[in-house]
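# Working through the structure, step by step
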Amino acid sequence: MLTALLTATFVAAPAAGRPAAARPAGRTAPTLPAQVPGATADTANGCLACHAAQRRAATEGIHAEHGVTCVSCHGGDPAAVTLPRGHSGHFVGTPDKAATAELCGSCHSDPDRMREYGLPTGQLAQFRSSKHGQLLFGQHNNDVPTCTDCHGTHIIYPPYDARSRVYPTNIPGTCASCHSDPKLMAKYHIRTDQFAQFRNSAHGVALFQDQNFAAPTCVGCHGAHSELPPTVTEIASVCGRCHVLVEQEFAKGPHGAAARAGKLPGCLACHSNHGTERVPADSISATCDRCHGSDSQVHQFAVDIQHRVVQATADIQSAERAIDQMAAAGERVGYYRFRYKSGLTYFREIAQKQHRLNLDTLDDLARRVRSVSIDLDSRAKGTQESRWEHKLLLLPVWFLSLSAVVLALLALRGLRKRDRDSDSSET
Amino acid sequence: MMSRDPKAAREWFVRLWADLKASTDASLLVILRFVGLLYGPLDTRLPIGKAFRKALRHRLSPEAGWRQAFGGIAYLLFIILVVTGVLLSFYYRPSTQEAYQSIQHIVSGVSFGWLMRDLHVWAANLVVLGALLHMARVFFGAAYKPPRETNWIVGVLLLFSVFAFGATGYLLPWDQWSYWTVTEGLDILARTPLVGGWLVRILRADPIVSGATLSRFFAIHVIVLPWLVLGLLALHFALVRKHGVAPRVSANRTGRTGVPFFPYHFLRMVITGTLVVAVALTAALLFPRPVAAPANPAQPPGMLFSTWILADVSRALIYYLGGWGFGAFLLLGAGMVLLPIFDRSPERRLRRRPIVAALGVLFFLTFATAWGAGWRLRSIPTTTSGELTPFQKQPTGATPGAPLPSIAPASRPATSGSDTTNSGGAP
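The rules behind each value
Here the residue numbering is sequential within each chain, running from 1 through the sequence in written order. Chain A is the first chain written and ligand 1 is the first ligand written, with later ones labelled in order. Predicted model: local features are reported for residues with pLDDT of at least 70 only, side-chain atom pairs are reported and counted for 80 or more only, and whole-chain, interface and lining totals are derived from all residues. Here the side-chain values reflect all heavy atoms present in the structure, with hydrogen atoms and water set aside. Each patch groups residues whose relative accessible area exceeds 30% and which form no salt bridge, using 9 Å between like charges and 5 Å between nonpolar side chains of Val, Leu, Ile, Met, Phe, Trp and Tyr. We get accessible surface area from the Shrake-Rupley algorithm with a probe of 1.4 Å; when it comes to residues, only the shown protein chains can shield them. Any Lys or Arg side-chain nitrogen found within 4 Å of a carboxyl oxygen on Asp or Glu counts as a salt bridge. Secondary structure follows DSSP: runs of H or I at least 4 residues long count as helices, runs of E at least 2 residues long count as strands, and numbering of each begins at the N terminus. The buried label applies to any residue whose accessible area, calculated with a 1.4 Å probe on protein chains only, is under 20% of its type's maximum; exposed applies above 50%, and partly exposed to all values in between. Two residue types count as positive, namely Lys and Arg, and two as negative, namely Asp and Glu; His and chain ends fall outside the count. By convention, the point assigned to a charge is CZ for Arg, NZ for Lys, CD for Glu and CG for Asp. The rule is short: rings of Phe, Tyr and Trp, with Trp giving its six-membered ring, pair when the centres are within 6.5 Å, and they are stacked under 30 degrees, edge-to-face over 60, tilted in between. Here, over-ring charges are defined by two tests on the NZ atom of lysine or the CZ atom of arginine: distance to the ring centre within 6 Å, and angle to the ring normal within 35 degrees. For helices, the axis comes from a line fit to the C-alpha atoms of the stretch in contact; other axes are also lines fit to C-alpha atoms, and the angle between any two N-to-C directions lies between 0 and 180 degrees. Working rule for angles: under 35 degrees goes down as roughly parallel, over 145 as roughly antiparallel, 65 to 115 as roughly perpendicular, anything else as oblique. Contacts are residue-level and defined by heavy atoms, with any inter-residue pair within 4.5 Å sufficient. Each residue is assigned to one class: nonpolar for Ala, Val, Leu, Ile, Met, Phe, Trp, Tyr, Cys and Pro, charged for Asp, Glu, Lys and Arg, and polar for all the others, Gly among them. Each helix should span, by expectation, one fewer than its residue count multiplied by 1.5 Å. Polar contact is defined as a pair of N or O atoms within 3.5 Å, subject to the rule that within protein one atom must be able to donate a hydrogen and the other to accept it, and that residues adjacent in sequence are counted only when both atoms are side-chain atoms. To define a nonpolar core, start from buried Ala, Val, Leu, Ile, Met, Phe, Trp, Tyr and Cys residues and group those joined through side-chain atoms within 4.5 Å. pLDDT runs from 0 to 100 and stands for how confident the predictor is about each residue.

Before going further, it helps to spend a moment on a nonpolar patch on the surface. Residue and element names in this part refer to chain B. A surface patch of nonpolar side chains, about 780 Å² in accessible area, is lined by Tyr75, Ile79, Val82, Val83, Val86, Leu87, Phe90, Tyr91 and Phe237. With six residues, the top contributor of residues to the nonpolar patch is helix 4 (residues 69–89). Positionally, Phe90 belongs in the loop between helix 4 and helix 5 (99–108). Using a relative accessible area of 59% as the deciding quantity, one classes Phe90 as exposed.

Laid out in structure tokens, this is it:
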């Protein structure tokens with residue numbers, strides 16, 4: 001009997017023993033209680049006997065996958081069968097928000113422990129530096145989120161799991177669950193329309209509609225654990241982390257200098273922050289006028305830029321139409337498409353180079369786009385003309401067939417007349 | 001071999017000379033008579049010249065006239081389809097790698113290849129019309145009554161062969177329209193009770209329309225169906241020849257012996273034939289079938305353009321009446337096809353056959369209306385514009401980016417001690 005009991009205990013030991021062995025040296029492993037004969041030998045999840053609502057956490061989520069059980073965070077004695085004993089030892093219970101962050105950090109800030117999973121360990125330090133962390137640790141403000149509010153409490157999914165609240169498409173909603181709450185935000189004088197703006201922004205459309213996870217969510221610009229709004233002089237650099245070439249051109253131009261001096265909120269001056277609008281080609285000068293005024297010297301310059309961009313847009317569109325026309329007529333358009341792609345590269349370069357506000361560069365690119373467009377248009381026109389010439393065949397077709405029909409009808413009439421004559425002569 | 005018997009050789013030459021002399025009259029079939037030089041001397045029972053004269057002198061019943069033209073029109077269009085089809089097959093390559101490129105080559109590289117292709121497309125549309133008009137004439141004119149009911153069944157089989165020709169030929173261009181129309185069509189066919197799934201497995205040969213499907217459709221289109229149709233046509237014509245043209249509703253046979261096939265009916269054939277060729281050429285010249293983008297099984301096209309009369313009709317029926325309307329129309333067609341097998345009364349006047357008249361009028365009116373509606377629908381968007389496809393739709397929430405329904409217990413209140421509710425069951 002005793003042998004059987006011991007065997008069962010040792011067989012179950014790896015599951016229970018691993019988190020126990022991984023515990024910091026200061027804590028002692030809970031001693032196994034005297035087993036009631038016939039009781040279950042799995043003592044790792046004994047807490048679930050009472051806390052049945054947390055049962056799923058024992059099997060689901062990244063912690064369950066890696067053998068992190070109740071006792072790893074809450075302490076206590078999972079092998080106990082009675083309450084005082086179960087909540088004995090280093091029992092943590094339900095930690096408050098600040099303690100929760102410390103508790104998570106006790107493992108997640110340990111490089112030795114995280115090496116196995118390839119996880120970074122700076123989250124707690126970053127969190128302390130963030131606005132949320134400052135409020136939580138400095139002022140004991142419980143409005144701010146702690147780790148579990150974004151990552152989940154007992155069932156914690158990794159960020160690449162679509163069920164996670166920090167999965168890319170879920171992040172904006174997770175942030176908005178507090179930041180769209182007007183009552184909560186009124187206390188801190190923070191606006192609540194960021195999510196609504198983001199949803200329709202270039203980034204939001206890319207994220208939600210195109211499922212393009214290269215598009216930034218809230219954390220892309222504000223940081224995930226070290227969340228804070230970028231300062232005025234930082235903005236261009238933050239955008240430039242993704243829009244590298246645009247930022248290089250921007251920095252070379254007059255606006256770049258102004259932004260470095262803090263006189264201009266960087267990219268946001270034209271594109272706004274959470275709404276991130278693209279500036280349509282035909283409203284470039286109107287955008288410039290917002291700051292410079294329509295009676296300023298700059299206005300004519302803005303109109304010149306707009307003129308070139310509008311013209312280049314029309315050119316590239318007409319080149320695309322020309323290729324479609326040729327393809328519909330059965331032409332092999334591989335070469336023309338290649339030509340079109342080079343034109344498209346110049347066109348995209350316009351979008352990037354115009355941030356430098358140099359008219360000569362723009363002129364050069366617009367001319368290149370135009371030359372591609374004219375080339376393709378003329379080829380498409382040639383195809384259309386030869387297609388039109390096909391229709392000239394209608395003339396001989398109808399001339400010949402109508403002549404044949406008329407001749408046949410005349411012959412038929414002649415035959416009938418002959419028959420009638422012969423009939424009458426017979427009678 | 002003749003030289004061994006000089007007498008027989010001389011006889012052969014005498015007969016040959018006589019035949020040559022007979023061939024020098026201004027006959028329309030002088031070339032075929034020269035063929036008779038080979039045929040005549042060898043087969044003494046009926047020299048070819050005489051055989052032709054006999055055929056030309058064959059007297060048609062006095063009822064034969066313009067009303068009988070539709071069958072001939074359908075036959076002429078079939079001949080056009082065979083000729084253009086053979087020419088196309090010189091260049092067409094039935095593989096997913098080469099099909100689209102070979103069509104491009106036919107349209108833009110081969111001289112008059114574009115004409116062959118457009119003529120093939122348009123003759124395929126017109127042959128359906130010709131066959132249906134022929135069918136309507138037979139149906140309303142009670143030409144299917146005994147002894148011609150077998151020929152009605154052969155005719156119906158020919159009509160189905162025409163449909164099968166069009167359906168299999170539709171896939172061969174291997175562009176987006178043909179690929180997705182066939183996918184759609186096979187999906188509809190798969191829902192046919194009892195045989196649908198089995199039939200589609202055989203036809204498609206793969207879980208999706210693929211190269212295997214293309215090979216099967218090509219083989220059916222150029223090997224199976226042509227031989228089948230040739231056999232059916234031979235039977236059809238033999239039966240027409242055996243039973244003669246059906247008598248008119250108000251038969252008045254007294255004192256009329258009919259006219260010889262040549263030149264009376266031959267001239268009518270020349271007139272209708274010329275007009276049919278001219279109409280097919282005109283349609284092909286004025287409305288060439290565009291070459292769509294190459295087939296892409298991963299991406300349905302934004303617009304699905306239909307290029308075949310039956311695709312127009314079925315699409316309009318499904319679009320306006322739904323699947324049940326389409327099914328009801330198929331039942332109506334089946335009723336029309338089967339009715340002549342049961343309708344064996346000698347009554348020929350349409351006024352005395354109200355059920356037949358109603359059925360026929362309903363069928364042909366629906367067909368014509370659906371065709372007209374299909375023309376208006378020629379290209380319908382595959383999805384309602386602006387709406388996300390099912391693939392793009394987020395399975396998790398109605399609004400993009402909305403927070404997930406929480407799986408774990410929702411973020412708990414900031415204060416500690418609320419997690420004790422579960423311990424109520426503890427002893």
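With that settled, the discussion passes to a positive patch on the surface. Taken together, A:Arg413, A:Arg416, A:Lys417 and A:Arg420 make up a surface patch of like positive charges. Residue placement: A:Lys417 occurs in helix 23 (residues 394–426).

As enumerated under the stated definition, the model contains 25 aromatic pairs over all chains in all. Between B:Tyr179 and B:Trp180, the ring centres sit 5.2 Å apart and the planes meet at 70°, which makes this aromatic pair edge-to-face. Among the aromatic side chains, those forming a connected cluster through ring pairs are B:Phe139, B:Phe140, B:Tyr144, B:Trp152, B:Phe329, B:Phe363, B:Phe364 and B:Phe367. Over the ring of A:Phe137 we find A:Arg128; its NZ or CZ atom is 4.9 Å from the centre of that ring.

Between two packed helices, both the angle of their axes relative to each other and the distance between the axes serve to describe the pair. Residue and element names in this part refer to chain B. The contact between helix 7 (residues 149–171) and helix 8 (residues 176–190) brings their axes to 7 Å, and the two run at 130°. Taken together, the axes of helix 7 and helix 8 lie oblique to each other. Contact residues: helix 7 offers Ala167, Tyr170 and Leu171, while helix 8 offers Trp177, Ser178, Tyr179, Thr181 and Val182. When its residues are assigned to classes, the contact of helix 7 with helix 8 shows six nonpolar, two polar and no charged.

On to helix 22 (residues 359–390) of chain A, then. End to end, helix 22 of chain A covers 46 Å across 32 residues, agreeing with the expected 46 Å (1.5 Å per residue, within 8%). For helix 22 of chain A, the N-terminal capping position is held by A:Asn358, with its side-chain oxygen 3.0 Å away from the main-chain nitrogen of A:Asp360.

Turning our attention to the nonpolar core. Counting residues in hydrophobic clusters, the biggest one holds 83 residues, and the most contacted among them are B:Leu77, B:Tyr92, B:Val128, B:Leu132 and B:Trp174. No other element matches the 16 residues that helix 6 (residues 113–140) of chain B contributes to this core. Not counting residues within four places of it along the chain, the set of residues in contact with B:Val128 comprises B:Val162, B:Phe163, B:Trp308, B:Ile309 and B:Leu310. Formed by 23 residues, the second largest nonpolar core is a distinct cluster that contains A:Ile284, A:Tyr340, A:Val372 and A:Ala380.

With that out of the way, let us pick up unusual backbone geometry. The omega torsion across B:Pro146 and B:Pro147 is 10°, close enough to zero to call that bond cis. Looking at the secondary structure, you find B:Pro147 in the loop between helix 6 and helix 7. Unlike most non-glycine residues, A:Thr276 shows phi in positive territory, near 25°. Structurally, the position occupied by A:Thr276 is in the loop between helix 18 (268–271) and helix 19 (284–292). Despite not being glycine, B:Ala142 has its phi angle at roughly 55°, a positive value. Topologically, B:Ala142 is positioned in the loop between helix 6 and helix 7.

Glancing now at the confidence of the model for chain B. The share of residues in chain B with pLDDT of 70 or more is 78%, and the mean pLDDT across the chain is 81. Predicted complex, confidence summary: ipTM 0.75, pTM 0.69.

Time to look at the packing of helix 8 of chain B against helix 9 (residues 196–204) of chain B. Residue and element names in this part refer to chain B. Orientation of helix 8 relative to helix 9, taken along the N-to-C sense of each, is 150°, at an axis distance of 7 Å. Residue-level contacts link Leu186, Asp187, Leu189 and Ala190 of helix 8 to Gly196, Gly197, Leu199, Val200, Leu203 and Arg204 of helix 9. Grouping the amino acids of the contact of helix 8 with helix 9 by side-chain chemistry returns six nonpolar, two polar and two charged.

Before going further, it helps to examine helix 19 of chain A. An α-helical turn contains 3.6 residues, so a residue and the one three or four places further along point in the same direction. All names here are of chain A. Within the sequence span of helix 19, burial applies to Ile284, Ser285, Thr287 and Asp289. If you follow the buried residues of helix 19, they end up packed against helix 18 and helix 20 (298–328). Following helix 19 by one or two positions, Gly293 has its phi on the positive side, about 80°.

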